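Chain and residue survey
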Amino acid sequence: MIKKILLITVIFQLVACAELQQVVDQFPQGTYGIGNEEIANGLREALDKGIERQVSKLTKEDGYYRNELVKILLPEELQKVDRTLRDVGLGSLADEGLKVLNRAAEEAVGEATPIFINAVKGITFTDAKNILLGNDDAATLYLKNTTQTELYNKFNPIIKNSFQRVGADKIWSNIITRYNNLPLTNNVNPDLTDYVTQEALSGVYTMIAVEEKEIRTNVSSRTTALLRKIFALQD
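Each chain carries its own residue numbering, running from 1 in the written order of its sequence. Local features in this predicted model are restricted to residues whose pLDDT is 70 or higher, and side-chain atom pairs enter the listing and the counts only when it is 80 or higher, whereas totals over whole chains, interfaces and linings include all residues. To get the side-chain values, all heavy atoms of the structure are used, and hydrogens and water are removed first.

**Structural notes on the packing of helix α2 (residues 36-58) against helix α5 (residues 112-121)**
Viewed as axis vectors pointing N to C, α2 and α5 meet at an angle of 170 degrees, and their least axial separation amounts to 9 Å. As far as their axial angle goes, α5 and α2 are roughly antiparallel. The residues of α5 that touch α2, namely those facing R44, L47, D48, I51 and V55, are T113, F116, V120 and K121. Residues are grouped as follows: Ala, Val, Leu, Ile, Met, Phe, Trp, Tyr, Cys and Pro are nonpolar; Asp, Glu, Lys and Arg are charged; every other residue, Gly included, is polar. Of the residues belonging to the contact of α2 with α5, the class tally is five nonpolar, one polar and three charged. Axis definition: a line fitted to C-alpha atoms, limited for helices to the stretch in contact. Angles are taken between N-to-C directions and run from 0 to 180 degrees. Starting at the N terminus, helices and strands are each numbered in turn, a helix being any DSSP run of H or I of at least four residues and a strand any DSSP run of E of at least two. With respect to orientation, any angle under 35 degrees is reported as roughly parallel, any angle over 145 as roughly antiparallel, any angle of 65 to 115 as roughly perpendicular, and every other angle as oblique. In what follows, residue pairs with any heavy atoms lying within 4.5 Å of each other are defined as contacts.

Below, the structure written as structure tokens:
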């Protein structure tokens, strides 16, 4: 009985996908009154909205540090440093160490918007159709695939400079020195620039995905006629 139910469910999903694909395939002929360029514009508008509403938040002070979805913590191998410092009453030092990591990310994200805008402009009708037929994060994945390398190359030197300018290198040197001087600890000496760069990128795509899912699932988030028209096709 369970096997039959599963089979019926799978068949239903396949049929639903096939029907949606058939609908989208008819767009070029003008069916439903929606043309190719309008579909592409709708997806561009959705991504622009996500960038405007979510990525811009990350550039502000505490944009990362006070956002539990993207807050940058220590890499796993250094979690013991954070715990040990707090256990011996050096919690404020540990907090300061985390804060400078997140401040560097907040500064770097300011470079993301023009790169995203260029990627959004490049969306074709085929891209738009695949995104519309995709999962809740299909648009986010498109941006990730088209911007990740360029963003990394932008973020990394900014984060490195930020560490030097605000004294993060000295803060971390102090933290690691204090930790290494504690009894029964193994010495560590991490280079955190690459780690924070990767975490900053992850935070950017996380927030875009939040907005994308909201637009896909919440009709009230489609604040323009074009967004309502395009995303109604997937409902």
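**Describing the nonpolar core**
Residues belong to a common nonpolar core when they are buried Ala, Val, Leu, Ile, Met, Phe, Trp, Tyr or Cys residues joined through side-chain atoms within 4.5 Å. Only protein chains enter the calculation, and the probe is 1.4 Å; a residue is then buried if its accessible area is under 20% of its type maximum, exposed if over 50%, and partly exposed in between. Formed by 64 residues in total, the largest nonpolar core has its most connected members in Y64, F116, F155 and V204. No other element matches the nine residues that helix α7 (residues 138-165) contributes to this core. The residues touching F155, leaving out its near neighbours within four places in the chain, are A108, V109, A112, T197, A200, L201 and V204.

**Some remarks on the packing of α5 against α7**
Contact pair α5 / α7: the axes reach a minimum separation of 10 Å and the direction vectors enclose 150 degrees. It follows that α5 is roughly antiparallel to α7 by the angle criterion. Here α5 and α7 pass one another in a crossing that is right-handed. Contacts between α5 and α7 pair A112, I115, F116, A119 and V120 from the former with Y142, L143, T146, T147, E150, L151, K154 and F155 from the latter. Among the residues forming the contact of α5 with α7, the class breakdown is nine nonpolar, two polar and two charged. Handedness of a crossing is defined here by the sense of rotation of the near helix relative to the far one, left-handed for an anticlockwise turn of less than a right angle and right-handed for a clockwise turn.

**What about the environment of W172?**
As for its position among the elements, W172 is in helix α8 (residues 168-180). For the pair W172 and L192, spaced 20 residues apart in the sequence, the C-alpha separation amounts to 9.4 Å. Once residues lying within four places of it in the same chain are set aside, the contact partners of W172 are L74, G97, V100, L101 and L192.

**Looking at the side chain of E212**
Position of E212 among the secondary structure elements: in helix α9 (residues 193-217). On the basis of relative accessibility, which here comes to 8%, the residue E212 falls in the buried class. A 3.5 Å cut-off defines polar contacts: any pair of N or O atoms within that distance qualifies, except that in protein one atom must be a possible hydrogen donor and the other a possible acceptor, and neighbouring residues in sequence count only when both atoms are side-chain atoms. Only 2.8 Å separates the side chain of E212 from the backbone nitrogen of A139, close enough to count as a polar contact. Residues contacting E212, with those up to four places away along its chain left out, are N135, D136, D137, A138, A139 and T140.

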